[in-house]
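# Structure assessment
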Amino acid sequence: METIRIMKVKSLWMLTAILICGAMTMLTSCSNNDNATVVGPDPLAERLSGGAWYDIYEASGTAQEEGASDAEAAYSIVIDIYHFEADGTGDFQRCFFNDDSEEPVMVHGILGYGVFTYKTAADGTVAITLSNNWDQSYPQKWNVKYGNETITAKGVDGQTLTLIQADDETMAILNSFLDQNGGSDETKYDVNDYKPKDVDNSQWMKSLADSRLVADLSLPGSHDACTADGWYYKDLSIFAEASAKTQDLTIQEQLKVGMRVFDLRPERMHDGTSYVLRCSHGVMYTKMLVSEFFQQLKEFLADNPSEFCLLTVDLSATTDMKAWGKEFTELVSSAEFRSMFADFKPRLTVGEMRGHVLMLSRKEYAKQPVGGYCYGWGDDLELEKQTNGHITGADGVETPLWVQDYWGKWDRKGKDEAVLRMLEAAAGRDMTAEKPAWVINYPSAYFGLPLSDSYRENAVEANKVTVDWLSSHTGSVGIIYMDFAGMEKSPSYSAERLYETCGMTLVDCVIQQNQK
């Protein structure tokens, strides 16, 4: 348990490095309750105020809704949230989850909410006086203690908690939990109802001529491909689902609907006994080991020898790159997987690739790559800057690489135009060249805060823009990296909204582009 708590806090602090700064609505629910008394400024008030302090922890019990003795919910994970105002008032809120829930089974409940006044002492002690309009015995009093940028408090079961201050991304997630109010009666959308039925594109590459260049194909790609295969840390899964999910289909489901290019993030993490390479999205680690991902590709290609796959490799959370490089090299060079990987060359053909995987890494892990290394990959908006990259194979030969990967700004302005410019440029390439340009185009992106629903919001626009262009143009367009591949509609994190992500139509259009 202590190892999990340490890794959990470390992971949440690491999230700060990848956030977009911006103003967010704070947790102000009921903070102006008439029972709250303004007591004036306090020595630590300025440091405590301006956001929420929270902890996620494991605890078992049954939460009871206030005023409804028969309304109960079993829980195994709890989030405590404190919000302090500079004037000496604040509120306390609690969200309850069970092992199977990605949203609260109850918010607030008895002893799970209240507004308070507080005073601080020179030693960091914060004396809280809780008041509330609900039918309980008030006022209630307890102490928490501030020090070393954390607050020490007690959880629902009396265990000691270490609360940290929420950053913008975490604040948005906490707000989404609180807004759900423990599972409302609103319509809930089940993601399984929107997965494609009776779609089998397992052998769509069979019709491609062996002599055709891989660079001259149009290939559907899955951004952060493994994010539908479940999360490693149970008590962080609620955050991962809300912030790191970009796909609703598992790898096996993606392969079946026709995905052939996968964005792999093989982060190095300690699982309590040793270091392992795990498929991840930043600090959010999935249940799937990289070796398990490779095994799924190997089995699929054995069953469907007409097909082949491509991988792009990147990572952002691993700190010991020397150790990562050694372990990744050992894995991809192992007797189990080395024969699966193809060597890169500029005019690689379909015939040479069938039954194999081409791996292109943005990170160097050995003197010579298994596949190729990608250089000059950026997130620029202008086409001129997107066409300065290159791929280097194990033989040292360099081939042009064009990448449109504009993402993560505060708004979407310019994204759709960037996608279209790269589509036009790709279709106009000279494929007779000795070294034709390889193209990677990302409709995928988020804008604003890095939340799963931000990826969905972008997919609604960018996926449709790409579909519209492909429906009326000819020419190969390279790799098209998308979010929520194969999903025409994707339920929001709260399951209360459906996003028209157009994901199956986009996959079909990319595949059909090869026949035009």
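All values derive from a computational prediction rather than experimental measurement.

Close contact between helix 10 (residues 415-427) and helix 11 (residues 452-471) brings their axes to 10 Å; oriented N to C, the two are set at 30 degrees. By the criterion of interaxial angle, the relationship of helix 10 to helix 11 is roughly parallel. Between helix 10 and helix 11 lies a crossing of right-handed hand. Of helix 11, the residues touching helix 10 (which contributes Lys415, Asp416, Val419, Leu420, Leu423, Glu424 and Ala427) are Asn458, Glu461, Ala462, Val465, Thr466 and Trp469. Of the residues that constitute the contact of helix 10 with helix 11, the class distribution is seven nonpolar, two polar and four charged.

To continue, consider unusual backbone geometry. Non-glycine residue phenylalanine 484 carries a positive phi angle of around 55 degrees. Among the structural elements, phenylalanine 484 can be located in the loop between strand 21 (478-482) and strand 22 (490-491). For phenylalanine 484, a relative accessible area of 0% corresponds to the buried category. The phi angle at cysteine 502 is positive, at roughly 60 degrees, despite the residue not being glycine. Tracing the backbone shows cysteine 502 in the loop between strand 23 (498-499) and helix 12 (503-513).

A few words on the sheet that holds strand 18 (residues 389-393). Here nine strands make up a closed barrel; going around it, the order is 10-11-15-16-17-18-19-20-21 and the pairing mixed. Adjacent strand axes in the sheet meet at a mean angle of 25 degrees, parallel and antiparallel pairs treated alike.

Below, the discussion takes up the state of the cysteines. Under the criterion given, the structure shown has zero disulfides. Here cysteine 279 stays unpaired: no disulfide links it, and the sulfur of cysteine 226, its closest cysteine neighbor, is 3.8 Å away. Classification of cysteine 279 by relative accessible area gives buried; the value is 1%.

A word on the nonpolar core. Core analysis: the largest hydrophobic core is formed by 89 residues, its most contacted members being Phe262, Phe293, Phe294, Leu311, Phe328, Phe341 and Trp438. Once you skip the residues sitting within four places of it in the chain, phenylalanine 341 turns out to touch Phe294, Leu311, Val332, His356, Val357, Met359 and Val370. Core analysis: the second largest hydrophobic core is formed by 32 residues, Cys95, Leu236, Ala242 and Tyr493 among them.

Turning to the confidence of the model for the chain, a few remarks are in order. Per-chain confidence: the chain averages 88 in pLDDT, with 88% of residues scoring 70 or above. Predicted confidence for residues 1-41 stays below pLDDT 50, and this span has 99 contacts to residues more than four positions away or in other chains.

A few words on the sheet that holds strand 14 (residues 284-289). Taken in spatial order, the three strands line up as 12-13-14 in an open sheet, and their pairing is antiparallel. With partners counted over all chains shown, the strands left at the sheet margins are strand 12 (266-270) and strand 14, one partner each. When the angles between neighbouring strand axes are averaged without regard to direction, this sheet yields 55 degrees.

Cut-offs used in this document
Residue numbering note: each chain is counted from 1, following its sequence as written. For a predicted model such as this one, the threshold for reporting local features is a pLDDT of at least 70, and the threshold for listing and counting side-chain atom pairs is 80 or more; totals across whole chains, interfaces and linings nevertheless cover every residue. With hydrogens and water set aside, each side-chain value is computed from the structure's full complement of heavy atoms. All axes here are fitted lines through C-alpha atoms, helices being fitted over the stretch that makes contact, and every angle between N-to-C directions spans 0 to 180 degrees. Only DSSP runs of H or I covering at least 4 residues are called helices, and only runs of E covering at least 2 are called strands; the numbering of each starts at the N terminus. Reported orientations rely on four angle classes, namely roughly parallel under 35 degrees, roughly antiparallel over 145, roughly perpendicular from 65 to 115, and oblique for the rest. Each crossing is labelled by how the near helix is turned from the far one, with a counterclockwise turn of less than a right angle marking it left-handed and a clockwise turn marking it right-handed. In this analysis, two residues are considered to be in contact whenever any of their non-hydrogen atoms come within 4.5 Å of each other. Side-chain classes follow a simple rule in which Ala, Val, Leu, Ile, Met, Phe, Trp, Tyr, Cys and Pro form the nonpolar group, Asp, Glu, Lys and Arg form the charged group, and the remainder, Gly included, forms the polar group. Only protein chains enter the calculation, and the probe is 1.4 Å; a residue is then buried if its accessible area is under 20% of its type maximum, exposed if over 50%, and partly exposed in between. Pairing between strands is defined by DSSP: at least two bridges between the two strands are required. Cysteine sulfur atoms are paired as a disulfide whenever they come within 2.5 Å of each other. Note on terminology: a nonpolar core comprises buried Ala, Val, Leu, Ile, Met, Phe, Trp, Tyr and Cys residues joined through side-chain atoms within 4.5 Å. Residue-level confidence of the predictor, termed pLDDT, takes values from 0 up to 100.

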